Amino acid sequence: MTPPLSCLSHNILRHSSRSPISRSIVSSSNHACLFSHDAPPGPRARHITTHRHTGSFGGLTTSIAGATTSNNNSSSMQQNFRSLLQPPKMQQQQQQQRQPHRHFASTPTHPFVLSHPSEVDNTKNPTRGRIICITSGKGGVGKTTSAASFATGLATRGRTTCVVDFDIGLRNLDIHLGVERRVVFDFVHVLTEECTLNQALIKDKKVEGLSMLAASQTRDKEALTMEGVEKVLDQLAEKFDYVVLDSPAGIESGARHAMFFCDDAIVVTNPELSSCRDADKMIGFVSSRSRRAEIGEGKDGCAAVSQTLLITRYDPARAEAEESLAMTDMKELLGLPVIGVIPESRDVLTCTNVGKPVISMGEENPAAGAYMDMVDRFLGEEKELRFVTPEPVSFFKRIFG
């Protein structure tokens, strides 16, 4: 029978006050542990291999040889052995618990830098620009493609817009807008005050009123701080009507910083179950971990983050054949209003390779037309959803394929 871990640790502690004995704790891939057995005092010590204990020392490799102890320091040795026998994951959790909790909503020690969200909810006379986060749980669903087209659409309708790449270390937004060769300073340079915001902003030469702030290609995501991001977003919101944040996928640092300060969130998803499940997780994060959620509703509060659903790569024929999720199923599953449905199109890849947003292809293109409809709906226009039903097949196509 495998001896319990408590018995093993008791044996080690019991011998801690004896004469020097060579002790080793070794953890390998099968978690086999080597302990010294009872041995008489002397230069030689007999070792035996104990039974395997699975899941106790995941990844821990430690060697303690020639340890000399006495009754005076036996308590310190016991404490050291307890820390060695403690799983690394438990140690990390205890360190996180010891760190003080940070409150990012306005407090006497941390006043608002970016103005109170309620000030931007007054649509007739907002005091700053709205911050919109394009996010998703799953990668590769079309966030950057959508962010580039959405920001371009807002600018073409007379709204000054800045689109910010939050994917630190893996930037791609500059390629979608065709400005990759014009990047000199980036987001992190502004955060570390190595340049001014105006130096880092890249103005689009084709679309008036559109600017971009690139992400760093060489820095780590840990370079982002709440205080720094809030300061930059405050400056952007003073200059532009809309600030569009291209968030990385998942719930890592860049995504958390992007969603925290947003006024609106557009959740992007594909018509597949795994993408919808991850999108549902992101909806919960935005609802509970944003600044608006911290402030809450009430007399001095604000409205919750406005969340909408953008469905990309939608093929109504496959949805009708039950080869993918239908729009109505996704809407019911996620519980969000649909702001746009972007049909499957080969032109999306072509636009990315040539460095121009999909929306720039014009109303005649289905994908570009769908993005235009999305922008109009965001600005308050009522438009019927297109590309959600299969196109009728002609008689000749049925026969000749």
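Residues numbered from 1 in each chain as written. Predicted model: local features only at pLDDT ≥ 70, side-chain atom pairs only at ≥ 80, totals over all residues. Heavy atoms only, no water.

*Asks:* Quick one: what's the story with the nonpolar core, residue by residue and with numbers?
*Replies:* Counting 37 residues, the largest nonpolar core has Val164, Phe187, Leu213 and Leu236 as its most contacted members. Broken down by element, this core gets its largest block of residues, 6 residues, from helix 8 (residues 226–239). Those residues in contact with Val164 that lie beyond four places of it in its chain are Leu173, Phe187, Leu213, Leu236, Val243, Val244, Leu245 and Asp246. Residues Phe150, Val179, Ala367 and Phe378 belong to the second largest nonpolar core, which totals 36 residues. (Core = buried A, V, L, I, M, F, W, Y, C linked by side-chain atoms within 4.5 Å. Buried < 20%, exposed > 50% of the residue type's maximum accessible area, 1.4 Å probe, protein only. Helix = DSSP H or I, 4+ residues; strand = E, 2+ residues; numbered from the N terminus. Contact = heavy atoms within 4.5 Å.)

*Asks:* Give me the lowdown on helix 9 (residues 253–260), citing residues and values where you can.
*Replies:* The α-helix advances 3.6 residues per turn, and as a result positions three or four apart in sequence lie on the same side. For helix 9, the buried fraction is high: 7 of the 8 residues fall into the buried class. Along helix 9, the residues classified as buried are Ser253, Gly254, Ala255, His257, Ala258, Met259 and Phe260. Against the buried residues of helix 9 lie strand 5 (130–135), helix 8, strand 9 (242–246), helix 10 (273–289) and helix 11 (291–295). By the N-cap criterion, in which a side-chain oxygen at the helix start approaches the backbone nitrogen of a residue two or three places on, helix 9 is capped by Glu252, the distance to Gly254 being 2.7 Å. (Polar contact = N/O pair within 3.5 Å; in protein donor to acceptor, adjacent residues only side chain to side chain.)

*Asks:* How would you summarise the packing of aromatic side chains if you had to cite specific residues and measurements?
*Replies:* Summed over all chains, the structure comprises 4 aromatic pairs. Residues Phe260 and Phe261 carry aromatic rings whose centres are separated by 4.8 Å and whose planes lie at 85° to one another, so their mutual orientation is edge-to-face. You can call Phe260 buried: its relative accessible area is 3%. Grouped by ring-pair contacts, the aromatic residues Phe150, Tyr242 and Phe378 constitute a single cluster. (Phe/Tyr/Trp six-rings, centres within 6.5 Å; stacked < 30°, edge-to-face > 60°.)

*Asks:* So what about the pairing of strand 6 (residues 161–165)? Which residues, and what values?
*Replies:* For a regular strand, side chains alternate in direction, first toward one face of the sheet and then toward the other. Of all 5 residues that make up strand 6, 5 are buried, and the element is covered over most of its length. Here strand 6 shows no split at all, with Thr161, Val163 and Asp165 on one side and Cys162 and Val164 on the other all buried. By the bridge criterion, 4 bridges tie strand 6 to strand 8 (residues 210–213) in an arrangement that is parallel. Bridged to Val164 within strand 8 is Leu213. Sheet analysis places strand 6 next to strand 9, joined by 5 bridges and oriented parallel. Considered in strand 9, the bridge of Thr161 is made with Tyr242. (Pairing = 2+ DSSP bridges.)

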